[in-house]
Amino acid sequence: MTGNRWMQRLWLGAVLVLAGCATQKVQTPAAVDHGLLPPRGTTTELNETPQQRDQRMAWWRAAKFGMFIHWGVYSVPAGTYQGRQIPGLGEWIMNRAKIPCAVYQQFAKEFNPVQYDPDAWAALAQEAGMKYIIITAKHHDGFCMFPTQASKWNIVDATPYGKDVIGPLADAARRHGLHFGLYYSQAQDWNNPGGAAIGGHWDKAQDAKTMDDYIDQIAVPQVREILTRYRPAVLWWDTPRDMTKARADKLRALLALDPGVITNNRLGAGYKGDTETPEQRIPATGFKNRDWETCMTINGTWGYKSYDKNWKSSDDLIRKLCDIASKGGNFLLNVGPTSQGIIPQPEVDRLRAIGQWMKVNGEAIYDTTASPFPKLAFGRCTKRVTESGTTLYLLVFTWPSDGNLLLPGLGNEVTSATILASGASLPMSHPADGLVVHVTGKAPDPVVSVIKVKIKGMPDLSPLAGH
Ligand code: JFZ
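Here the residue index of a chain counts from 1 through its sequence in written order. Only residues with pLDDT of 70 or above have their local features reported here, since the model is predicted, and side-chain atom pairs are shown and tallied only from 80 upward, although totals for entire chains, interfaces and linings are computed over all residues. In computing side-chain properties, one takes all heavy atoms of the structure into account and sets aside hydrogens as well as water.

## Concerning the site of the ligand
Proximity criterion: a residue is near a molecule or strand once any of its heavy atoms comes within 4 Å of it. Around the ligand, the structure places Phe68, His70, Glu91, Trp92, His139, His140, Tyr183, Asp238, Thr239, Arg266, Glu279 and Trp302. Contacts to the ligand include Glu91, whose side-chain N or O atom sits 2.5 Å from an oxygen atom. Between Trp92 and the ligand, the recorded distance is 2.9 Å, taken from a side-chain N or O atom to an oxygen atom. Polar here means any residue other than Ala, Val, Leu, Ile, Met, Phe, Trp, Tyr, Cys and Pro, which are nonpolar, and Asp, Glu, Lys and Arg, which are charged; Gly is therefore polar. Among the residues forming the shell around the ligand, the class breakdown is four nonpolar, four polar and four charged. Counted as a polar contact is a pair of N or O atoms within 3.5 Å, where, for protein atoms, one must be capable of donating a hydrogen and the other of accepting one, and residues adjacent in sequence contribute only when both atoms are in side chains.

## Here's the deal with the pattern of salt bridges
For this document, the term salt bridge refers to a Lys or Arg side-chain nitrogen within 4 Å of an Asp or Glu carboxyl oxygen. Inspection of every chain in the model, using the stated rule, returns 23 salt bridges. For the salt bridge of Arg266 with Asp238, the shortest nitrogen-to-oxygen distance reads 2.8 Å. Remark: Asp238 occurs in the loop between strand 6 (234-236) and helix 9 (245-252) and Arg266 occurs in the loop between strand 7 (262-263) and strand 8 (275-276); sequence separation between them is 28 residues. With respect to class, Arg266 is no different from Asp238; both count as buried. What counts as a helix is a DSSP run of H or I of at least four residues, what counts as a strand is a run of E of at least two, and both are numbered from the N terminus. Whether a residue is buried, partly exposed or exposed follows from its accessible area with a 1.4 Å probe, protein chains only, as a fraction of its type maximum: under 20%, in between, or over 50%, in that order.

## A look at unusual backbone geometry
The backbone of Lys98 sits at a positive phi, close to 50°, despite the residue not being glycine. With respect to the helices, strands and loops of the structure, Lys98 is situated in the loop between helix 3 (93-96) and helix 4 (101-104). Given the relative accessible area of 40%, Lys98 is considered partly exposed.

## Re the domain arrangement of the chain
Accessible area lost when the parts come together is the quantity often used to give the size of an interface. Boundary definitions for the domains trace back to an automatic or database domain assignment. Examined at the domain level, the chain breaks down into domain 1 (47-364) and domain 2 (379-455). A straight line from the C-alpha centre of domain 1 to that of domain 2 covers 37 Å. Taken together, the contacts link twelve residues of domain 1 with 15 residues of domain 2. A per-residue breakdown of the area domain 1 buries against domain 2 is headed by Arg319, Glu363 and Ala364, which together make up 46% of the total. Across the contact surface, domain 1 and domain 2 share two salt bridges. Notably, a salt bridge pairs Arg380 with Asp323, separated by 2.8 Å at the nearest N-O pair. Going through the elements one at a time, helix 10 (314-326) and helix 11 (345-361) are the ones with two or more residues in the side of domain 1 that touches domain 2. Whether two residues are in contact is decided by their heavy atoms: any pair within 4.5 Å suffices. As a working definition, buried area equals the accessible area (1.4 Å probe) given up by two parts on being put together, with both sides summed.

## A short note on the sheet that holds strand 16 (residues 434-438)
Pairing between strands requires that DSSP locate at least two bridges from one strand to the other. One open sheet holds the three strands; their spatial order is 13-16-15, and the pairing between them is antiparallel. In this open sheet, the two strands that pair with only one neighbour each are strand 13 (404-408) and strand 15 (428-429). Inspection of the sheet shows strand 13 paired to strand 16 by five bridges, in the antiparallel sense. Bridge pairing links Leu405 to Val437 in strand 16.

Below is the structure:
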């Protein structure tokens, strides 16, 4: 341990003692830049009751829709190395093409996102109807998008841009009423010696230290830096390659620095964290007694690739959001900005289209829970249970040609059925096989029309319900 680190420890210790007398705040020297951010909660996964856990997870469960941002030095090669288009994910180019560390590090000299506008990004997320942003603080290439004392391989020391991009986005997100989270690749690190690499190291420089050195000298200090400086609402671990229990425990212990923080199931050593993270897919059913979040790309890559034009349509993305909500999950939808700091226009267009739909129909998504129906012929359903009864939101993908929307087996007394967008009332009937809402004409929304059905009590489904 260097003298510098001891000084930092002593300083932090003194602040903790002082802070303990007056407030719960933890400050590091760098925290001064972004003001003293108070912890958002009092508990972490480490030390709480189920009730406290519900409280800590409440904003996340209500949010439903977030923006993932994969941004780093890999946006410079943007999928091409030595004139060859490298197959696979843009952010994996160093590994896929076995680029030597010294060569890859040259790309940082071209990382100069002068067009970066964190307010515009936060505004875009808000316009899309997203409630949180999670950005890569460090991906597998080990490059830090924030200043760090642990390594020179960071945006301030290694690029012409020379400025932090994480703090300004944290501030912008909060100004726009969004929660802000960080992705941190805790195990894989292809440029800081000793970091893990799926497929193994390919450059001697990567072997200069052990993985335990890497955990102690890079991952632990950097996670401490980001937790105390930016107070992320979410810490998104990834690819727990070679994460022993001893290594995972060192990182997990740091969560106490940032009470309220939500973590995923990718730390390693069997730790489940708070959320399941199905990737690029929507599970057939949700997860029993587990919060979950599907993360997905809009094209075929997380990090920017100049030639990946495989865009999902906005209609498809809106239906995916509905599908996920109907199964009780969150949707974390990725954008991959360029090295100039631009979110590609096709991604912007799709986010705006989703936002248009959400502006009218968001009530059927936010703060809802999973559908009570195993299967519905016309599409999906979400619900909101309150003391006065239950609201069902029918997410109609296929507008029925016979005008009947059947809720199989639903036995409850019904209060009302309306088209969410217009408020128009709809007639209903209650045959033996469930409740039917009657509609006419063509779908009010070309993508997903929402019908709001209020019923008394909790959904009461007979065994007929579509099995
Ligand atoms: C990881 C990363 O390697 C990738 O670059 C990106 O950041 C993505 C969000 O996460 O890739 C994974 C991680 C987990 C699985 C698959 C790919 N998985 O659990 O199936």
